[in-house]
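# Structure assessment
One-letter residues, chain by chain:
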Amino acid sequence: MLSVNDRPGLQAFCPTIMTYAAITGWGKCMPPAILTNDDLSTFLDTSDEWINSRTGMRERRVSHVSAIDMSVVAVSQALACAGLEGRDIDLIIYGSCSNDEGVPNSASGVQLAIGATRAAAMDVNTACTSFCYGLATATAMIRSGMVKTAVVIGVELISRFMDWSNRNVAVLFGDGAAAVVLQASDVESGLIGSVLGCDAAARETLRVRGLGLSYANKDVRFGDTIWDFDGPVIFKRAVTAMAEASIRVMADCRLTADDINLVVPHQANLRIIESLAKYSGIPMERVMVTVHKYGNMSAATVPVALVEALEDGRVTPGATIMMPAFGGGLTYCSLIVKWGDRVTPLGLSDKALPPCTKTALELVNESRAVHDAHGRSLAGLMSPEFVEASVALR
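In this text, all values refer to a predicted model and were calculated from it rather than measured experimentally. (Residues numbered from 1 in each chain as written. Predicted model: local features only at pLDDT ≥ 70, side-chain atom pairs only at ≥ 80, totals over all residues. Heavy atoms only, no water.)

### Describing the overall build of the protein chain
- Helix and strand content of the protein chain: 13 helices and 13 strands.
- Taken over C-alpha atoms, the radius of gyration comes to 20 Å for the protein chain, in line with the 21 Å a tight globule of 394 residues would show.
- C-alpha atoms of the protein chain, sized along the principal axes, occupy 55 × 55 × 55 Å.
- Looking at the protein chain as a whole, 54% of its 394 residues qualify as buried.
- Relative to all contacts within the protein chain whose residues are 6 or more apart in sequence, the contacts with residues 24 or more apart total 79%.
- Carbon and sulfur atoms provide 53% of the accessible area of the protein chain, an area that totals close to 16600 Å².
- In the protein chain, the 33 positive side-chain charges and the 41 negative ones have mean positions that sit 3 Å from each other. (Helix = DSSP H or I, 4+ residues; strand = E, 2+ residues; numbered from the N terminus. Rg over C-alpha atoms; globule rule 2.2 N^0.38 Å. Buried < 20%, exposed > 50% of the residue type's maximum accessible area, 1.4 Å probe, protein only. Contact = heavy atoms within 4.5 Å. Areas by Shrake-Rupley, 256 points an atom, 1.4 Å probe, with all protein chains shown as cover. Lys, Arg positive; Asp, Glu negative; His and termini not counted. Charge placed at Lys NZ, Arg CZ, Asp CG, Glu CD.)

Printed below as a string of structure tokens:
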């Protein structure tokens with residue numbers, strides 16, 4: 001008879017003192033197909049100058065595979081980096097708002113693919129902050145003694161449900177994935193401070209109509225979406241929330257802006273990043289920026305930027321890193337990570353995506369050809385009454 005420790009998929013809760021959750025592995029997966037601003041101008045009233053001047057974006061990636069497929073490559077790289085295998089993992093947290101399925105969850109798909117038969121598996125959806133919330137959750141579980149080794153993923157496949165007719169959002173988003181491995185350690189490293197919050201009074205400013213059960217049985221074709229996106233309000237609230245959270249988490253950790261070696265922020269818009277840096281008192285020379293080549297990958301932006309900072313040599317042993325983010329809800333956070341001694345991988349994985357035989361523009365045009373959010377699905381997309389209305393009537 002199997003004991004609880006031997007039975008696949010179960011974890012015994014045997015509390016021990018686990019002080020820190022060190023980041024020991026990291027990896028990313030970027031789809032090869034690049035969608036440029038000039039590509040977007042072939043079907044939108046826009047230009048490279050218009051997009052770049054307002055967002056700082058020049059290109060983004062479009063995936064030809066599923067979000068789980070991207071995640072498996074990123075996790076395989078992270079495990080090799082940490083010198084671990086799937087069977088060593090106790091917990092998988094899959095951070096995303098673009099899951100391949102609702103039931104079963106996506107984390108279980110990753111578990112199956114990497115052979116992590118002893119791992120618990122859970123999805124986290126706080127939109128663009130999903131990776132950061134997942135990192136905070138995994139750290140707390142390690143520090144409580146519930147698990148010893150965890151994988152945290154940030155991944156998005158937004159191109160599949162983008163409203164490609166809406167210039168205000170179509171130019172912003174891209175696909176990608178990254179993951180980190182956390183291991184229990186008695187050496188001070190990993191997440192040492194966090195502030196998490198939600199500005200729910202503005203939740204209606206960022207909504208993807210067409211995702212969720214509010215649209216069931218309303219003649220809405222899955223994949224057709226309309227985005228409620230109040231850019232000016234989101235900009236103001238995002239900068240304020242991230243800056244205040246960053247100032248607070250620095251104070252909680254008894255740090256000042258001078259103590260922060262690198263900021264790895266959510267990559268929503270270059271102007272938001274610049275404003276955040278200004279109000280946090282940190283010069284842009286100490287801010288990691290990837291928005292120009294990947295756009296806004298939602299939950300994947302922070303982990304992808306972190307991995308690239310490591311690849312570029314911008315993370316040094318013992319560095320203090322701040323990770324601010326915001327997303328739909330409007331969720332927000334700022335994390336402080338103390339890096340360990342190692343900044344190079346212990347190993348590499350040969351896991352890779354299958355070749356992509358189409359250009360990004362061809363992939364997008366295939367989606368555009370079948371989407372009809374503003375025709376057949378319009379009435380259903382605009383019909384739900386949301387929680388904000390019922391609260392206002394009380």
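### Thoughts on the pattern of salt bridges
- Enumeration according to the criterion identifies 12 salt bridges in this entry.
- When the shortest N-O distance is used, the salt bridge between Glu-85 and Arg-87 registers 2.5 Å.
- For Arg-87, a relative accessible area of 56% gives the class exposed.
- Taking the shortest distance from any N to any O, the salt bridge between Lys-293 and Glu-308 comes out at 2.9 Å. Placement of the pair is Lys-293 in helix α9 (residues 291–294) and Glu-308 in helix α10 (residues 301–311), with a sequence separation of 15 residues.
- On the basis of relative accessible area, Glu-308 is assigned to the buried category, the value being 5%. (Salt bridge = Lys/Arg side-chain N within 4 Å of Asp/Glu carboxyl O.)

### Section: helix α7 (residues 231–252)
- If you check α7, its first and last C-alpha atoms are 31 Å apart, about what 22 residues at 1.5 Å a residue would give, namely 32 Å.
- Looking at α7, one finds that the buried residues are Ile-234, Ala-238, Val-239, Ala-241, Met-242, Ala-243, Ala-245, Ser-246, Val-249 and Met-250.
- Looking at the buried residues of α7, the elements they touch are β8 (190–198), β9 (206–209), β10 (226–229), α8 (270–280), β12 (320–327) and β13 (331–338). (Expected span 1.5 Å × (residues − 1).)

### Here's the deal with the packing of helix α3 (residues 67–82) against helix α4 (residues 106–114)
- At their nearest, the axes of α3 and α4 sit 10 Å apart, and the two run at 55 degrees to each other. By the angle class used here, α3 and α4 are oblique. Between α3 and α4 lies a crossing of right-handed hand. Of the residues in α4, those in contact with Ile-68, Ser-71, Val-72, Val-75 and Leu-79 of α3 are Ser-106, Gly-109, Val-110, Ala-113 and Ile-114.
- Classifying every residue of the contact of α3 with α4 gives 7 nonpolar, 3 polar and no charged. (Axes fitted to C-alpha atoms, helices over the stretch in contact; angles between N-to-C directions. Parallel < 35°, antiparallel > 145°, perpendicular 65-115°, else oblique. Left-handed = near helix turned anticlockwise from the far one by under 90°. Nonpolar A, V, L, I, M, F, W, Y, C, P; charged D, E, K, R; others polar.)

### A look at the packing of α7 against α8
- Where α7 contacts α8, the axes come no closer than 9 Å and their chain directions differ by 35 degrees. Considering how the two elements wind past one another, α7 and α8 form a crossing that is right-handed. Taking contact as the criterion, the partners of Phe-235, Val-239, Met-242, Ala-243, Ser-246, Ile-247 and Met-250 in α7 are, on α8, Arg-271, Ile-272, Ser-275, Leu-276, Tyr-279 and Ser-280.
- The residue makeup of the contact of α7 with α8, split by class, is 9 nonpolar, 3 polar and 1 charged.

### Focus: the packing of aromatic side chains
- The tally for this structure, following the rule as stated, stands at 4 aromatic pairs.
- Ring centres 6.2 Å apart and planes at 80 degrees place the aromatic pair Phe-43 and Trp-164 in the edge-to-face group. Of the two residues, Phe-43 sits in the loop between α1 (37–40) and α2 (48–55) while Trp-164 sits in the loop between β6 (149–156) and α6 (167–170), which places them 121 residues apart along the sequence.
- For the pair Phe-173 and Trp-227, a centre-to-centre distance of 5.1 Å together with 45 degrees between the ring planes defines the contact as tilted. With Phe-173 in the loop between α6 and β7 (176–185) and Trp-227 in strand β10, this residue pair connects regions lying 54 residues apart in the sequence.
- For Phe-173, a relative accessible area of 8% corresponds to the buried category.
- For Trp-227, a relative accessible area of 8% translates into the label buried.
- Among the aromatic residues, ring-to-ring pairing joins Phe-161, Phe-173 and Trp-227 into one connected group. (Phe/Tyr/Trp six-rings, centres within 6.5 Å; stacked < 30°, edge-to-face > 60°.)

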